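Now for the letters of each chain:
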Number of protein chains: 2
Amino acid sequence: MSPEKHHHGNLREALITAGIELLETGGLEALTLRKCAAKAGVSHAAPAHHFNGLISLKAAIIARCYRMFSASMDAKSRQAEASPRAQLLAICEGYLAFSRDHGALFQIMFQPKPKALANVNPQILDELNAESSKSYMILRTACAPFAPVGGHDQGTEVMVWALVHGYAVLFANQPDKETPAGTLPEFAHILPDLPLRN
Amino acid sequence: MSPEKHHHGNLREALITAGIELLETGGLEALTLRKCAAKAGVSHAAPAHHFNGLISLKAAIIARCYRMFSASMDAKSRQAEASPRAQLLAICEGYLAFSRDHGALFQIMFQPKPKALANVNPQILDELNAESSKSYMILRTACAPFAPVGGHDQGTEVMVWALVHGYAVLFANQPDKETPAGTLPEFAHILPDLPLRN
DNA sequence: GCTCAATACTTGACAGTGTCAAGATGTAAG
DNA sequence: CTTACATCTTGACACTGTCAAGTATTGAGC
């Protein structure tokens, strides 16, 4: 149970940290099992004893990314005033700030993970689902004060999520890319006016 | 200039077609230079004479994908009535239908392509930009009848694009994934009411 | 018809990648 | 001390993209 167990200490966390560093500095395709192992100072096959292949390491990395993601939204939320609209905008600004400041992390989080996810350790998968649910709950809570869009229970959160995620993917996440013609409106200008409940 | 030039004929187009087939059947990571070459019946190094590396083949594939993408939106547009709202919804339905029916193509189209794009043949890059601009113009035309959202010139098209793209990425493109809690509202229900110009 | 240069393709190699099998090494319990 | 076990290393394999060198086909000039 002690953190200093064997040769290395806690290799598991070191590999996740190494992976995030690789992503931040080199982008999506810089993430490699062997480079993570080298960065952690172990041999190329060492990770296999902690992660069920590359896909499992990715899942563990993504789980930690979701924690940073939630923190980014929470931080903006705390800085904003308490009105529902200000809170919702703050959540979205946290969403967009993360996609801007941690582009590669944002990409791997929402990159479609194919059937390969079936091979990952159930414990890691559970943690991943828990963290992503937590992030979603932040958005959902910020949407709760507003009347349901389109008369559908999940209408507001689906609309806001799609809007902010599309904005992030198309514009915020790609620093160079501008709107095909002209300047880009700020997100606050394209978020529709949402009437409050009741 | 004749289409039957050398051993193979027009290997260039055959490689693009092979790549699209690989994507459709095996997903993003099934696309491989060597598999494309094998599918076209040539040796593994043959593509190098037509494409400046894998990234150039990808760019050429994406250009063809944009053509299919535009066709999908155009088809829905022609089936719909002429009212601005019906036309805009039809364009979006074409957008979503493509993301559903050609998930891997949709993914590679909007996958963030890193600095590597600098290495692709300028001619291929021009074609890619031309095709993606054509697709964007379809959306822009459908947005034109509506008053600018947020008082910004590009407000409407940016809002609609972000909304439909986010919806596609988060829901339509991932067949299994449902909204985290409950059922998913249809896109028509989350597209806000947009007042016409003037 | 022949020569010759250019184009299209093949073969072979190299450094990477993920993954597996087998062995070595340290840890901890009996 | 011994034994079982978790951890890590070494080595191999197939696969990837890319490069260098060689071969074959095409087409133009004469």
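Residues numbered from 1 in each chain as written. Chains lettered and ligands numbered in written order. Predicted model: local features only at pLDDT ≥ 70, side-chain atom pairs only at ≥ 80, totals over all residues. Heavy atoms only, no water.

1. Overview of the relation of the copies chain B and chain A
The line we're drawing: Least-squares superposition aligns the copies on the C-alpha atoms of those residues with pLDDT at or above 70 in both. Residues count as neighbours in contact if any of their non-hydrogen atoms are within 4.5 Å of one another.
In screw terms, the move from chain B to chain A is a rotation of 180 degrees and a rise of 0.0 Å along the axis, fitting with an RMSD of 0.0 Å. Seen this way, the second copy is the image of the first under a two-fold rotation axis. With an isologous cut-off of 70% or more, the 100% of interface residues of chain B that recur at the interface of chain A puts this contact in the isologous class.

2. Topic: the nonpolar core
Filter applied, for reference: Remark: nonpolar core denotes a set of buried residues (Ala, Val, Leu, Ile, Met, Phe, Trp, Tyr, Cys) joined through side-chain atoms within 4.5 Å. When accessible area is computed with a 1.4 Å probe and restricted to protein chains, residues below 20% of their type maximum are described as buried, those above 50% as exposed, and intermediate ones as partly exposed.
Judged by nonpolar contacts, the single largest core of 124 residues is most densely connected at A:Phe187 and B:Phe187. Residue contacts for B:Phe187: discarding those within four places in its chain leaves B:Leu89, B:Cys92, B:Glu93, B:Leu96, B:Leu163, B:Val164 and B:Tyr167.

3. Regarding the interface of chain B and chain A
Quick reminder of the rule: A 1.4 Å probe defines the accessible area here, and the buried area is the portion of it lost by two parts on being joined, summed over both. Nitrogen and oxygen atoms within 3.5 Å of one another constitute a polar contact, given that in protein one can donate a hydrogen and the other can accept it, and given that sequence-neighbouring residues count only through two side-chain atoms. Labels follow the DSSP assignment, with helices taken as runs of H or I lasting at least four residues and strands as runs of E lasting at least two, numbered in each case from the N terminus. Polar here means any residue other than Ala, Val, Leu, Ile, Met, Phe, Trp, Tyr, Cys and Pro, which are nonpolar, and Asp, Glu, Lys and Arg, which are charged; Gly is therefore polar.
Residue-level contacts link 35 residues of chain B with 35 residues of chain A. Surface buried jointly by chain B and chain A totals about 3,100 Å² across both partners, of which 72% is contributed by carbon and sulfur atoms. One can count 2 residue pairs in polar contact (both at pLDDT 80 or more) joining chain B with chain A. Of the residues forming the side of chain B that touches chain A, the biggest block, 12 residues, is contributed by helix α7 (residues 155-172) of chain B. A breakdown of the residues in the side of chain B that touches chain A according to their chemical character gives 20 nonpolar, 12 polar and 3 charged.

4. A look at the pattern of salt bridges
Between side chains of opposite charge, a pair can form as their charged atoms come close. All names here are of chain A. In plain terms, the rule: Note on definitions: salt bridges are taken to be side-chain nitrogens of Lys or Arg within 4 Å of carboxyl oxygens of Asp or Glu.
For the coordinates displayed, the defined rule picks out 16 salt bridges over all chains. Arg67 is the salt-bridge partner of Glu127, the closest N and O atoms lying 2.6 Å from each other. One end of the pair, Glu127, is in helix α6 (residues 122-143); the other, Arg67, is in helix α3 (residues 54-79), and 60 residues separate them in sequence. The salt bridge involving Lys134 is made with Glu131; its shortest N-O contact spans 3.5 Å. Highlighted residues: Lys134 and Glu131, both in helix α6, separated by 3 residues, approximately one helical turn. Because the salt bridges share partners, they merge into one network encompassing Arg67, Glu127, Glu131 and Lys134.

5. Section: unusual backbone geometry
Phi at B:Asn198 is positive, roughly 55 degrees, even though this residue is not glycine. Along the chain, B:Asn198 turns up in the segment after α8 (187-190).

6. Thoughts on the domain arrangement of chain A
Residue and element names in this part refer to chain A. Going by this rule: Domain borders in the structure are assigned automatically or taken from a domain database.
Each assigned domain of chain A is listed here: domain 1 (1-50) and domain 2 (64-190). A C-alpha centroid distance of 27 Å is found between domain 1 and domain 2. Taken together, the contact pairs 10 residues of domain 1 with 12 residues of domain 2. At the boundary of domain 1 with domain 2, total buried surface from both sides reaches about 860 Å², with 61% on carbon and sulfur atoms. Interface area lost by domain 1 to domain 2 is led by Ile20, Glu24 and Leu28, which between them contribute 55%. Our enumeration of links across domain 1 and domain 2 arrives at 1 salt bridge. Taken together, domain 1 and domain 2 are joined by 3 residue pairs in polar contact (both at pLDDT 80 or more). When its residues are assigned to classes, the side of domain 1 that touches domain 2 shows 5 nonpolar, 2 polar and 3 charged.

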